[in-house]
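# Structural overview for review
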Amino acid sequence: MKSLNTILLIDDDETTNYLNHRLLTRMEVAPDIRVVTNGEEALNYLNKAFAGEPEYPRPDLIFVDIKMSVMDGFEFLEEYQQLDQQDKDKVVMLMLTSSASFYDLEKLKQFPDVRQHYSKPLTEGDVRDVMREYF
């Protein structure tokens, strides 16, 4: 399995972040796994990463939760859509959700940056599928 450089987890749930971080580390998917707890922090991180700031490596893969405080997943995606397409072309964005309601899945279709959605927490099978399909 190919190894990525950096993965960004965007979720305000500590348990989910812990489980996903542990799984991705155990599977040696990327040596650098960053965690932010809301969409606002994620945008700050990505703006610095896309500007080339060395302490903010550009993520190869982003997992974003839908339901978060401060700025939720959909608000984040609306802002993300404004970012430079050339920067976004190098990033695979996936949605993680505990509640895949019909409404949320319909709304996701408005955001072409999101390639797919997965249920929380990630499983080994999910990670293998992601790596096979996108990398």
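Definitions and cut-offs
Residues numbered from 1 in each chain as written. Predicted model: local features only at pLDDT ≥ 70, side-chain atom pairs only at ≥ 80, totals over all residues. Heavy atoms only, no water. Helix = DSSP H or I, 4+ residues; strand = E, 2+ residues; numbered from the N terminus. Rg over C-alpha atoms; globule rule 2.2 N^0.38 Å. Buried < 20%, exposed > 50% of the residue type's maximum accessible area, 1.4 Å probe, protein only. Contact = heavy atoms within 4.5 Å. 1 Å grid on protein atoms, 1.4 Å probe; cavity = no way out; pocket = protein on both sides within 12 Å on 5 of 7 lines; lining within 4 Å. Points joined across faces, edges and corners; volume = space filled by probe spheres on them. Nonpolar A, V, L, I, M, F, W, Y, C, P; charged D, E, K, R; others polar. Core = buried A, V, L, I, M, F, W, Y, C linked by side-chain atoms within 4.5 Å. Phe/Tyr/Trp six-rings, centres within 6.5 Å; stacked < 30°, edge-to-face > 60°. Pairing = 2+ DSSP bridges. Right-handed = clockwise from strand over helix to strand, strands pointing away.

What follows concerns the overall build of the protein chain. If you tally the helices and strands in the protein chain, you get six helices and five strands. In terms of overall dimensions, the protein chain is globule-like: its C-alpha atoms have a radius of gyration of 14 Å, near the 14 Å expected for 135 residues. Judged by the C-alpha coordinates and their principal axes, the protein chain covers about 35 × 30 × 25 Å. For the protein chain, buried positions account for 48% of its 135 residues.

A separate point is the side chain of N17. Within the element layout of this structure, N17 appears in helix α1 (residues 14-26). According to the relative accessible area criterion, N17 is buried, its value standing at 7%. The contacts of N17, once residues within four sequence positions are left out, are L9, D11 and V35.

Moving on: empty space enclosed by the protein. A complete count under the given rule lists one cavity of 30 Å³ or more for this structure. Looking at the largest cavity, the residues that line it are L9, I10, D11, T16, N17, N20, F63 and L96. Among the elements that take part in the lining of the largest cavity, α1 stands out by supplying three residues, more than any other. Its residues assigned to classes, the lining of the largest cavity shows four nonpolar, three polar and one charged.

A few words now on the nonpolar core. In this structure, I10, L46, I62, F76, L77, Y80 and M93 are the most contacted members of the largest nonpolar core, which totals 25 residues. For this core, the secondary structure elements donating two or more residues are β1 (6-10), α2 (39-50), β3 (61-65), α3 (73-80) and β4 (92-97). Top element by residues in this core is α2. It accounts for six residues. In terms of nonpolar packing, the next biggest core, distinct from the first, is built from 20 residues, L24, A30, F63 and L96 among them.

Applying the stated criterion across every chain yields a total of three aromatic pairs. Here the aromatic rings of F74 and F111 are separated by 5.9 Å at their centres, their planes lie at 25°, and the arrangement is stacked. Of this pair, F74 sits in helix α3 while F111 sits in the loop between α5 (102-108) and β5 (114-119), and the two are 37 residues apart along the sequence. Here F74 matches F111 in class, with each residue buried.

The next thing to look at is the pairing of β1. Of all five residues that make up β1, five are buried, and the element is covered over most of its length. Of the two faces of β1, both are covered, the one formed by T6, L8 and I10 as well as the one formed by I7 and L9. Here five bridges tie β1 to strand β2 (residues 32-36), and the two strands are oriented parallel to one another. Counterpart to L9 in the pairing with β2 is V35. For the handedness criterion, the β-α-β arrangement of β1, α1 and β2 is classed as right-handed. Where β1 lies against β3, four bridges are found, and the strand directions are parallel. Bridge pairing in β3 links I10 to V64.

Geometry only, nothing functional implied.
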